[in-house]
Amino acid sequence: MEIKDLKPAAGSTKARKRVGRGPASGTGKTAGRGLNGQKSRSGGGKGAGFEGGQTPLARRLPKLPGFRNPNRIEYKAVNVSRLDAKFEAGDVVDGESLKAKNIIKHSDDPVKILGDGEITKALTVKVDKISATAKQKIEAAGGKVEEPC
């Protein structure tokens, strides 16, 4: 058997209906479209979303409110309790080390340290931003916060 010998099973296919091919075809003259009217014409009928003359849903709903700032920087939030759990005393906390500990996905993501929880280890923090409470807690534990914070 070759690929040229393959055929659909008998009775599984049907010939397409050829409309507008004379009176003997059964669909001659008006090609099954009836007599006059919008739907009988070429390109006739109503468009998608037409609701019988009622104002369509897409026009009834308001557009999105507000303003979306294209220059907004989304910081990845990391709490000091997470740093305390994942890092050892004396470690440096930066993008690379946060990625290595699976706290953030990408080492170049902007990170902000937040002050939720407690920290007992002295860490050196080098991230993009840090909250005032987080800075107090890190420095109280003997750690230090370096720029660019």
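Whatever comes next refers back to the structure up there.
Residues numbered from 1 in each chain as written. Predicted model: local features only at pLDDT ≥ 70, side-chain atom pairs only at ≥ 80, totals over all residues. Heavy atoms only, no water.

K.L.:
Go over the nonpolar core, please, and point to the residues and values.
P.N.:
Among the nonpolar cores identified, the biggest contains 18 residues, and Leu83, Leu98, Ile113 and Ile138 are the most heavily contacted of them. When residues of this core are traced back to their parent elements, those giving at least two are helix 2 (80-86), strand 3 (111-114) and helix 4 (132-140). What Ile113 contacts, discounting residues up to four positions off in sequence, is Val78, Val80, Leu83, Val125, Val127, Lys129, Ile130, Ser131, Ala134 and Ile138. (Core = buried A, V, L, I, M, F, W, Y, C linked by side-chain atoms within 4.5 Å. Buried < 20%, exposed > 50% of the residue type's maximum accessible area, 1.4 Å probe, protein only. Helix = DSSP H or I, 4+ residues; strand = E, 2+ residues; numbered from the N terminus. Contact = heavy atoms within 4.5 Å.)

K.L.:
Let's hear about the sheet that holds strand 4 (residues 124-125): which residues, and what values?
P.N.:
With parallel pairing, the three strands of this open sheet are ordered in space as 2-4-6. Lying at the two open borders of the sheet, with one neighbouring strand each, are strand 2 (92-93) and strand 6 (144-145). The sheet contact formed by strand 2 and strand 4 spans two bridges and is parallel. When the bridges of strand 4 are listed, Val92 appears paired with Thr124. (Pairing = 2+ DSSP bridges.)

K.L.:
Give me unusual backbone geometry: which residues, what numbers.
P.N.:
At Lys29, a position not held by glycine, the phi torsion is positive, near 50°. Secondary-structure assignment places Lys29 in the segment before helix 1 (57-60). Using a relative accessible area of 77% as the deciding quantity, one classes Lys29 as exposed.

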